[in-house]
Amino acid sequence: MCAPRELSVLEKFNGSDSMDSRYRKIVYIVFAVAVVCIGLAVKNAYYLQMLIFIGLNTLLALSLNMLMGYAGQISLGHAAFYGIGAYMTAVLTASYHVPPLLALPAAIGAAMVVAWIVGVPTLRLTGYYLGMGTLGFGMIVHIVLREWSSVTGGASGFVGIPPLAAGPLVIDSEQHYFFLVWAMVLLCIIMCTRIIDSRVGRALRAIHDGEMAAAAVGVNTKKLKLQVFILSAGMAALAGFLYAHLIYFVSPGTFGFLASIRIVTMVVIGGMASIWGSLFGASLLTLLPEWLHAFSEFEMVVYGLILMTVMIFLPRGLTRGVLDLFERWRKTNDR
Amino acid sequence: MTDNRILLEIKNVDKAFGGIRALRDISFCLQDRSITGLIGPNGAGKTTLFNLITGIFPADNGEIRFNGRSVNGFRVHELVGLGIARTFQNVELFESMTALENIMVGMHTRTGCGMIGSILRLPNIINEERRARTKAIDLLKFVGLEKYAHQKSGDLPFGWQRLLELARALAAEPELLLLDEPAAGLNMSETRELGGLIRQIRDQGVSILLVEHDMNLTMSISDKIVVLDQGSKIAEGPPRAVQSDEAVMAAYLGKAKKQEQHASHTKS
């Protein structure tokens, strides 16, 4: 039963253990080339915008996946960090004329500080209680964004965010923005893969499998959970920053409860603890509402159905599930 | 085989859960480079004592000293850093991770790469990773599982999971290793092999505190036995002395003895 077996396609792909770095570099290069080709080939502004949104959602899904998929800590308020990033840069660049290049670290830093303050008490909770705690946090941030109208513009939103500019370089065309966002996506994918495949990543996965046992082998679980929460918040804030300078307008509705649930859905559908799954889940949930325009009012119903179907039939997420099916099919064909 | 240096000292330790006094006034010492067997009937407080030594919960009273230093109030992961590692009664492996990764997590306190280090992946981090991997493979070889390095630990048969957990505990380079019923669920030959491994570990300079119901194993490998019954220490000494101790016999065979007495009473 336990003869040494070959690594499955999936394990090679996710590189949880023994994928050599050469192979991984090739994947990155293919990814980068694909991004460049798509960026140059697609001229239609609508499609470009769609692709940019896929990129932003990938950042969000990836950030939550680090926390939820790898460390096993659920967050139902992740859109709050997305919102903090977006509003921070909006207020700084529009109201105080801070250059975006300086607003970026401020936006990420603010989200990280908030994550730190919120994380210390919240991450003591586990399971459903952690879910409830983060849910409450998300709602508080949403309410603050909506009600603190002197700063945030209130429920009607915040207008007049300037385009991204660094000195003479202004990024205002869709195409440039596409390249910027996807460069960030690639950067974050590399960053996350490296973390997952290191001492820190192993400790995170250990916490996921058994927090008590992780502590018993010497992992400071409290500290590590807080660290990954802060990292995750920072990545979500980066997405928020990019979103604000893409749309030039932010409103609280974008960062509410539904947005948080959508991020969770992306992670679950793409596959927990799967970095490339985040990309897939984000793509699907960005495109699906566009394809299902006829259902627009029933969007949440469709999300719910997808979530249920995936959880019942492919509990490891679509990416893994499909690869599992593919392997089963290949095995039966080999016989 | 044993020298006189005291590695672990338990002094007048009490622990109660609600109204139940799980441990009362327990004191004993554990010599460096020795195997100490901790035995007693179910509910005697053996696992509770393990949890106190490893910092899972604090003692109500008394003191635990490790290497001459009081470790009261230390947290679980800090104690691992000081050199106390353990295995669990119901194997607690990281099931979604491979055997090799499990052992590498075990080295957590002996490696230093942090979040930023892992992202930058500088040469010293790559070296550390390589060293950790080599050592993990050596440990797998030690317990005879090197062929299954890339197998998910949850897929291994139970006996091997126990061995893997033992290797993972050793990866922390402990001075004191606590084994909570390591032979439970193992067959005869596996148990014999385990006994050999435990001796080898001791000979490499690691002291062992062993909770085990398999008396053959415990009596044959232990240098000293401590017996608990209903939260109190009732005997302590070399295996032979403990085996013939009356209090111990009473604790283990108490009912039988009472029945005998009862029988003799009715006769007379």
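None of the values given here were measured: they were computed from a predicted structure.

A. Layout of the overall build of chain A. Scanning chain A from N- to C-terminus turns up 15 helices and four strands. Its C-alpha atoms give chain A a radius of gyration of 20 Å, within 12% of the compact-globule value 20 Å for 335 residues. Projected onto its principal axes, the C-alpha coordinates of chain A cover approximately 65 × 50 × 40 Å. Looking at chain A as a whole, 48% of its 335 residues qualify as buried. Of the contacts formed within chain A by residues at least 6 apart in sequence, a portion of 77% connects residues at least 24 apart.

B. Fine view of the overall build of chain B. Across its full length, chain B carries ten helices and ten strands. Here chain B has a C-alpha radius of gyration of 20 Å; the compact-globule value for 268 residues is 18 Å, and the two agree. Each principal axis of the C-alpha atoms in chain B carries an extent, and together these give about 85 × 40 × 40 Å. For chain B, buried positions account for 44% of its 268 residues. Relative to all contacts within chain B whose residues are 6 or more apart in sequence, the contacts with residues 24 or more apart total 68%.

C. Here's a closer look at the packing of helix α3 (residues 45-70) of chain A against helix α12 (residues 257-270) of chain A. All names here are of chain A. Close contact between α3 and α12 brings their axes to 9 Å; oriented N to C, the two are set at 75 degrees. Judged by the angle between their axes, α3 and α12 are roughly perpendicular. Contacts between α3 and α12 pair Asn57, Leu60, Ala61, Leu64, Asn65, Met68 and Gly69 from the former with Ile263, Val264, Met266, Val267 and Gly270 from the latter. Taken together, the residues of the contact of α3 with α12 sort by class into eight nonpolar, four polar and no charged.

D. Examining the pairing of strand β4 (residues 61-66) of chain B more closely. All names here are of chain B. Sheet topology note: the strand β1 (residues 6-17)/β4 ladder contains five bridges and is antiparallel. Note on β4: the bridge partner recorded for Leu8 is Phe66. In this structure, β4 lies alongside strand β5 (residues 69-70), joined through two bridges in antiparallel fashion. Of the residues in β5, the one forming a bridge with Phe66 is Arg69. As consecutive antiparallel partners, β4 and β5 are separated by two residues, and within that stretch Asn67 has a phi angle of approximately 55 degrees, a positive value.

E. Representation of the sheet that holds strand β9 (residues 224-229) of chain B within the structure. All names here are of chain B. Strand order in the open sheet formed by six strands is β6-β7-β8-β3-β9-β10, with mixed pairing between adjacent strands. At either margin of the open sheet sits one strand with a lone partner, and together these are β6 (84-86) and β10 (232-237). Adjacent strand axes in the sheet meet at a mean angle of 20 degrees when their direction is disregarded. Along the sheet, helix α7 (residues 188-203) contacts β3 (35-39), β7 (176-180) and β8 (207-211); its crossing angle with β8, the most-contacted strand, is approximately 150 degrees.

F. The confidence of the model for chain A, seen in detail. Scored by pLDDT, chain A has a mean of 88; 92% of the residues are at 70 or more. Per-residue pLDDT stays below 50 along residues 1-18 of chain A; that stretch engages in 29 contacts with residues further than four places along the chain or on separate chains.

G. Local environment of the nonpolar core. Of all hydrophobic cores here, the largest spans 173 residues; its most connected members are Ala111, Ala237 and Ala239 of chain A together with Leu140 and Ala167 of chain B. Looking at this core element by element, the count peaks at 16 residues for helix α11 (residues 221-247) of chain A. Excluding residues within four positions of it along the chain, Leu140 of chain B makes contact with Ala99, Leu100, Ile103, Leu145, Glu146, Ala149 and Ala167 of chain B.

H. Representation of the confidence of the model for chain B in the model. Of all residues in chain B, 93% have pLDDT values of 70 or greater, and the mean over the chain is 90. ipTM for the predicted complex: 0.88, alongside a pTM of 0.88.

I. Focus on the sheet that holds β1 of chain B. Taken together, four strands build an open sheet; the order of strands is β2-β1-β4-β5 (chain B) and the sheet is antiparallel. Only two strands of the sheet have a single neighbouring strand rather than two, namely β2 (20-31) and β5 of chain B.

J. A look at the interface of chain A and chain B. Contacts between the two partners involve 28 residues from chain A, matched on the other side by 35 residues from chain B. Listed by contribution, the elements that provide at least two residues to the side of chain A that touches chain B are α8 (174-196), α9 (199-209), α10 (211-216) and α11 of chain A. Counting residues per element, the side of chain A that touches chain B draws most heavily on α9 of chain A, which supplies eight residues. Its residues assigned to classes, the side of chain A that touches chain B comprises 15 nonpolar, seven polar and six charged.

K. Seen up close, helix α5 (residues 123-142) of chain B. All names here are of chain B. The end-to-end C-alpha distance of α5 is 29 Å, a good match for the 28 Å that 20 residues give at a rise of 1.5 Å each. Burial in α5 covers these residues: Ile125, Ala132, Ala136, Leu139 and Leu140. Along the long axis of α5, the arc covered by the buried residues comes to 100 degrees, so they all point the same way. Opposite its buried face, α5 presents the exposed residues Pro123, Asn124, Ile126, Asn127, Arg130 and Thr134, each directed more than 90 degrees away. Looking at the residues trailing α5, positive phi occurs at Gly144, about 80 degrees.

How each quantity is defined
- Residues numbered from 1 in each chain as written.
- Chains lettered and ligands numbered in written order.
- Predicted model: local features only at pLDDT ≥ 70, side-chain atom pairs only at ≥ 80, totals over all residues.
- Helix = DSSP H or I, 4+ residues; strand = E, 2+ residues; numbered from the N terminus.
- Rg over C-alpha atoms; globule rule 2.2 N^0.38 Å.
- Buried ≥ 20, exposed ≤ 12 C-beta atoms within 10 Å, placed from the backbone.
- Contact = placed C-beta atoms within 7 Å.
- Axes fitted to C-alpha atoms, helices over the stretch in contact; angles between N-to-C directions.
- Parallel < 35°, antiparallel > 145°, perpendicular 65-115°, else oblique.
- Nonpolar A, V, L, I, M, F, W, Y, C, P; charged D, E, K, R; others polar.
- Pairing = 2+ DSSP bridges.
- pLDDT = per-residue confidence, 0-100.
- Core = buried A, V, L, I, M, F, W, Y, C linked by C-beta atoms within 7 Å.
- Expected span 1.5 Å × (residues − 1).
- Arc of directions from axis to C-beta.

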